[in-house]
There are 2 protein chains.
Amino acid sequence: MNESKLISPRKLAGFWELPPEKEILFEQMQEKIKKVFETNCFVPLDTPVLELSEILLAKSSGEMDKEVFAFTKGSTSMCMRYDLTVPLARFVASNANTLEFPFKRYQIGKNYRGEKPQRGRFREFYQCDADIIGNEALSLVADAECVKLYLDCFNALGYPVVVEISNRNLLFGLIEDCNNSDKAEEIITLLDKFDKIGEENLVKSLAELEINEKCIKKYISAIKVKGSFEQVKESLTKISNNPLFCQAISQLEEVNSYLNAFNCDKEGYIFNVGIIRGHNYYTGTVFEAYLKGRRDLPAFGGGGRYENLAGYFTDKKLPGVGMSIGLTRMFDLLDQNGLLPEVKKSNIDLFIIPLGEYLKDCISLCAYFRENGIKAEVAYDNKSFKSKMKEADRRGIPYILVVGENEVNSGTFALKNMTSGEQQLLSKEECLKVLK
Amino acid sequence: MNESKLISPRKLAGFWELPPEKEILFEQMQEKIKKVFETNCFVPLDTPVLELSEILLAKSSGEMDKEVFAFTKGSTSMCMRYDLTVPLARFVASNANTLEFPFKRYQIGKNYRGEKPQRGRFREFYQCDADIIGNEALSLVADAECVKLYLDCFNALGYPVVVEISNRNLLFGLIEDCNNSDKAEEIITLLDKFDKIGEENLVKSLAELEINEKCIKKYISAIKVKGSFEQVKESLTKISNNPLFCQAISQLEEVNSYLNAFNCDKEGYIFNVGIIRGHNYYTGTVFEAYLKGRRDLPAFGGGGRYENLAGYFTDKKLPGVGMSIGLTRMFDLLDQNGLLPEVKKSNIDLFIIPLGEYLKDCISLCAYFRENGIKAEVAYDNKSFKSKMKEADRRGIPYILVVGENEVNSGTFALKNMTSGEQQLLSKEECLKVLK
């Protein structure tokens, strides 16, 4: 082919693609999370990446419409999913009569957002979601289960987190108390920005909303409350006795008691009224998981309770609670901060290098090792012996066997440990023992 | 919400979504295949679902353009991938300088085709691909590895297959021999339809192409040749001594010798000149895997050798060989033919039913079992005891514990086997032993 006709092999900007040595790590993480979900009795669901636009954008206020990858095929308007929650709602609504409740499902899958590509923002990203859906009602045990799930997942990954827990009705109660219910959404949105914009700017913005000074103080003192449940309870009871507010405290108390019953590590969670979660569909408990000792990094995931999962699709009331891990984002953060383990240069355990006419004997040996679970590879390439030895070294392959006439006739092989340089004369069965 | 405003929770036609109990099976299959790929030293790749249209449709003759889900976002024209090969070509071309060759990668992922939904045709489907890419040259050992990979994958799945192998140059050699090279593509396409249209129609169609009778006989006798390598060689040598034809025979001989060296089950593969594979990019060995004893079912996968993977993207010559399993299609075929194992109604090993005020004790017990790998669930729902017992039965949960005052005080629990109805009084540690 003429060089001038070549197409540059680019991928789309903002799309994720790991080199294989990192992809191995990434997939191991997925597998560990999957195993934790399964041990906790969640069942897998794998919904289509494409959904009807009328379904996916049912609850969208127009905000998501711009971000979504949408198109028309024939006369059907469709979109790529931007989260795993709307597809779950669609699934549960259409299968509500056959599912057992509480329905516990997990899904690990890619989502799509057509936002401008920028550092730390991906247009295709993995999300690991676990949700518990009740029929008409759902115990607060479910909220505790989701918090526990974070601890289990991140312990399995080797990145312990602290889950910070609150209840949105604390703030809604205070807002009611201050007669600001007509501005509830704006206030919540501003309070959620506290960490980003700082206290001074927050006060200014709230004042611009015509919130009086006393209430501003109340809100800000509330979102600073943080600690063990007992500490938080003590601070909060001083702030208000609004019924919604008090109900939120007692819900947190109940969640806390279940976390105790689940034997959760006390270092693994705190209560923090400053955890708000932007999404409007959260209606009770909310939580975010932060890497222990690295509160400077963004949350690795968040979730919470919602009053009704599928109100757009069914009259059945389906309250739920869910947790989500932003796996792509998290992996990228770990990578950027040098927190990933060192990657192995090669996935090969044993490199078998044939001498002369002994390729087929090497293949037989290779089959023997693979049957026994060893990642053995034959250097069947038409390269020189020397360049094959160099390759083994360059690729960081831990063991090699060089196989020629002597080895085949004697059934004894020199297994070379490439790290120590040591060499042992062994039968293939003995080689296997060493390699295992 | 008013019922009249409800949106019907439909999914797009032709899209795949399994109920969780089947999804568990489906994911176990993926995991088994993944493990085989890894033991055979393939590394994972996870390319984006979306690619630039100029990349994805580079090699398309226009045929694929209609089938592809394509759209424009901003000024960028993009498509959803319809296979995993073009993304592989893009990846290898852009990373050729850092990859080690032969480069062995696998990818298990969803592909998209906008064809009309119909039985057995999916618009979103999983493909499991493993390819070996060489730099400038690639040994025929790689072809044997791909055949062996089918045997290993399907043995791991518990669905042994027979791989049917040919070499496309057998037919190209015969076509050369008959001076029909100008019509090669049409002839190949017709011969590929033999199984579908039958001999009579095939003869008629070839005659319409103005192929003479002698050549038609030659082609048809060739594609009927089938058996062990020795049998096939014997039949073929009688048909022609065209050099390309003879070279194809000796390539098959070499592949066969490597399959022997790999210790492949002799019942697991045969040679069949009737295996053609539609795709024009195959240039040598081709193969298809059929469920053993069920040659009436479509192939579960196919693959072959291609001369150059990424000619559109790079001047480097990158010959390769690949195998693919059509997992969604295969799962559907197994399901339609009653060949899937019975699904478990529930993924739960142990259901813990609290009596009275002992919910938290049940949660602690549950945490203990989960920490030890048992899928334990607490019946924390606000239902009656009777309905929880019924639920355990309906869901097919194998064991239950009923926990109340006596159990908590004594530390002894009545573990009930729901299949046999037997009940044992045990400590929690003893329960664990039984459950394991």
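Thresholds, definitions, all that
Residues numbered from 1 in each chain as written. Chains lettered and ligands numbered in written order. Predicted model: local features only at pLDDT ≥ 70, side-chain atom pairs only at ≥ 80, totals over all residues. Heavy atoms only, no water. Salt bridge = Lys/Arg side-chain N within 4 Å of Asp/Glu carboxyl O. Helix = DSSP H or I, 4+ residues; strand = E, 2+ residues; numbered from the N terminus. Buried < 20%, exposed > 50% of the residue type's maximum accessible area, 1.4 Å probe, protein only. Domains from an automatic or database assignment. Polar contact = N/O pair within 3.5 Å; in protein donor to acceptor, adjacent residues only side chain to side chain. Contact = heavy atoms within 4.5 Å. Buried area = accessible area lost by both parts, 1.4 Å probe. Nonpolar A, V, L, I, M, F, W, Y, C, P; charged D, E, K, R; others polar. Disulfide = S-S within 2.5 Å. Pairing = 2+ DSSP bridges. Right-handed = clockwise from strand over helix to strand, strands pointing away. 1 Å grid on protein atoms, 1.4 Å probe; cavity = no way out; pocket = protein on both sides within 12 Å on 5 of 7 lines; lining within 4 Å. Points joined across faces, edges and corners; volume = space filled by probe spheres on them. Least-squares fit on C-alpha atoms with pLDDT ≥ 70 in both. Axes fitted to C-alpha atoms, helices over the stretch in contact; angles between N-to-C directions. Expected span 1.5 Å × (residues − 1).

**Here's the deal with the pattern of salt bridges**
Residue and element names in this part refer to chain B. Within the structure shown, the criterion is met by 56 salt bridges over all chains. Note that glutamate 51 is salt-bridged to arginine 90, the shortest N-O span being 2.7 Å. One end of the pair, glutamate 51, is in strand β2 (residues 50-52); the other, arginine 90, is in helix α4 (residues 85-95), and 39 residues separate them in sequence. Just as glutamate 51 is buried, arginine 90 falls in that class too.

**Concerning the domain arrangement of chain A**
Once the domains are mapped, chain A shows domain 1 (20-336) and domain 2 (350-435). Spacing between the C-alpha centres of domain 1 of chain A and domain 2 of chain A amounts to 52 Å.

**So, helix α6 (residues 168-177) of chain B**
Residues and elements named next belong to chain B. Burial of α6 is extensive: seven of the 10 residues sit out of reach of the surface. Sitting at the amino-terminal end of α6 is asparagine 167, which places a side-chain oxygen 2.9 Å from the backbone nitrogen of asparagine 169. Asparagine 179, located one to two residues past α6, shows a positive phi value of around 60 degrees.

**Digging into the interface of chain A and chain B**
Taken residue by residue, the interface counts 100 residues in chain A and 100 residues in chain B. Of the roughly 8,600 Å² buried at the junction of chain A and chain B (both faces included), carbon and sulfur atoms supply 59%. At the boundary of chain A with chain B, the tally comes to 16 salt bridges. The residue arginine 394 of chain A makes a salt bridge to glutamate 100 of chain B at a minimum N-O spacing of 2.7 Å. Between chain A and chain B we count 38 residue pairs in polar contact (both at pLDDT 80 or more) in total. The element contributing the most residues to the side of chain A that touches chain B is helix α1 (residues 20-39) of chain A, with eight residues. Its residues assigned to classes, the side of chain A that touches chain B shows 51 nonpolar, 15 polar and 34 charged.

**A few points about the state of the cysteines**
All chains considered together, the criterion is met by zero disulfides over all chains. The structure places no disulfide on cysteine 41 of chain B, whose sulfur is separated from the nearest cysteine sulfur, that of cysteine 366 of chain A, by 6.7 Å. Residue classification places cysteine 41 of chain B among the buried residues on the basis of a relative accessible area of 3%.

**Overview of the side chain of lysine 148 of chain B**
All names here are of chain B. By the element assignment, lysine 148 lies in helix α5 (residues 141-157). With a relative accessible area of 9%, lysine 148 lands in the buried category. Apart from the residues within four sequence positions on either side, lysine 148 is in contact with Leu259, Phe262 and Cys264.

**A few points about the pairing of strand β13 (residues 350-354) of chain A**
Residues and elements named next belong to chain A. Of all the five residues making up β13, five are buried; the element is thus mostly covered by neighbouring parts of the structure. Alternating positions in β13 separate into two faces, Leu350, Ile352 and Pro354 on one and Phe351 and Ile353 on the other, with burial throughout. As paired elements, β13 and strand β14 (residues 376-378) share three bridges and run parallel to each other. Bridge pairing in β14 places leucine 350 opposite alanine 376. Following the backbone out of β13, through helix α13 (residues 359-371) and into the adjacent parallel β14, one traces a crossover that is right-handed.

**Some points on empty space enclosed by the protein**
Where empty space is left becomes clear once a probe the size of a water molecule has been rolled over the atoms. Tallying each qualifying case throughout the model produces one cavity of 30 Å³ or more. In this structure, the largest cavity is lined by 30 residues; those nearest its centre are Gln30, Ile108 and Tyr126 of chain A together with Gln30 and Tyr126 of chain B. The set of elements that each furnish at least two residues to the lining of the largest cavity consists of α1 and β5 (103-112) of chain A together with α1 (20-39) and β5 (103-112) of chain B. In terms of residue class, the lining of the largest cavity is made up of 10 nonpolar, six polar and 14 charged.

**Section: the environment of glutamine 423 of chain B**
Counting through the fold element by element, glutamine 423 of chain B comes out in strand β17 (residues 423-426). For the pair glutamine 423 of chain B and lysine 183 of chain B, spaced 240 residues apart in sequence, the C-alpha to C-alpha distance is 76 Å.

**What about the relation of the copies chain A and chain B?**
Overlaying chain A on chain B yields an RMSD of 0.1 Å, the required transformation being a rotation through 180 degrees with an accompanying axial translation of 0.0 Å. Such a combination of turn and shift is consistent with a two-fold rotation axis. Among all residues of chain A, the one whose C-alpha sits closest to the rotation axis is phenylalanine 71 of chain A, at a distance of 3.1 Å. With an isologous cut-off of 70% or more, the 100% of interface residues of chain A that recur at the interface of chain B puts this contact in the isologous class.

**Concerning the sheet that holds strand β11 (residues 301-306) of chain A**
Residues and elements named next belong to chain A. Spatially, the nine strands line up as an open sheet ordered β1-β5-β6-β12-β11-β10-β7-β9-β8, and their pairing is mixed. At either margin of the open sheet sits one strand with a lone partner, and together these are β1 (43-44) and β8 (226-227). Along the sheet, helix α11 (residues 243-261) contacts β7 (161-167), β9 (269-272) and β10 (282-291); its crossing angle with β7, the most-contacted strand, is approximately 150 degrees.

**So, the sheet that holds strand β17 (residues 423-426) of chain A**
Residues and elements named next belong to chain A. Pairing within the open sheet is mixed, and its five strands lie in the order β14-β13-β15-β16-β17. Each end of this open sheet is capped by a strand with a single partner; those strands are β14 and β17. Strand-to-strand twist in this sheet, taken as the mean axis angle between neighbours without regard to direction, amounts to 25 degrees. Its contacts with the sheet place helix α16 (residues 428-435) against β13, β15 (399-403), β16 (413-417) and β17, and it is angled at close to 135 degrees to β17.

**Structural notes on helix α13 (residues 359-371) of chain B**
Spacing of three or four residues puts side chains on the same side of an α-helix, whose turn is 3.6 residues. Residue and element names in this part refer to chain B. If you check α13, its first and last C-alpha atoms are 18 Å apart, about what 13 residues at 1.5 Å a residue would give, namely 18 Å. For α13, the set of buried residues is Leu359, Cys362, Ile363, Leu365, Cys366, Ala367, Tyr368, Phe369 and Arg370. At the C-terminal side of α13, glycine 373 shows a positive phi close to 85 degrees.

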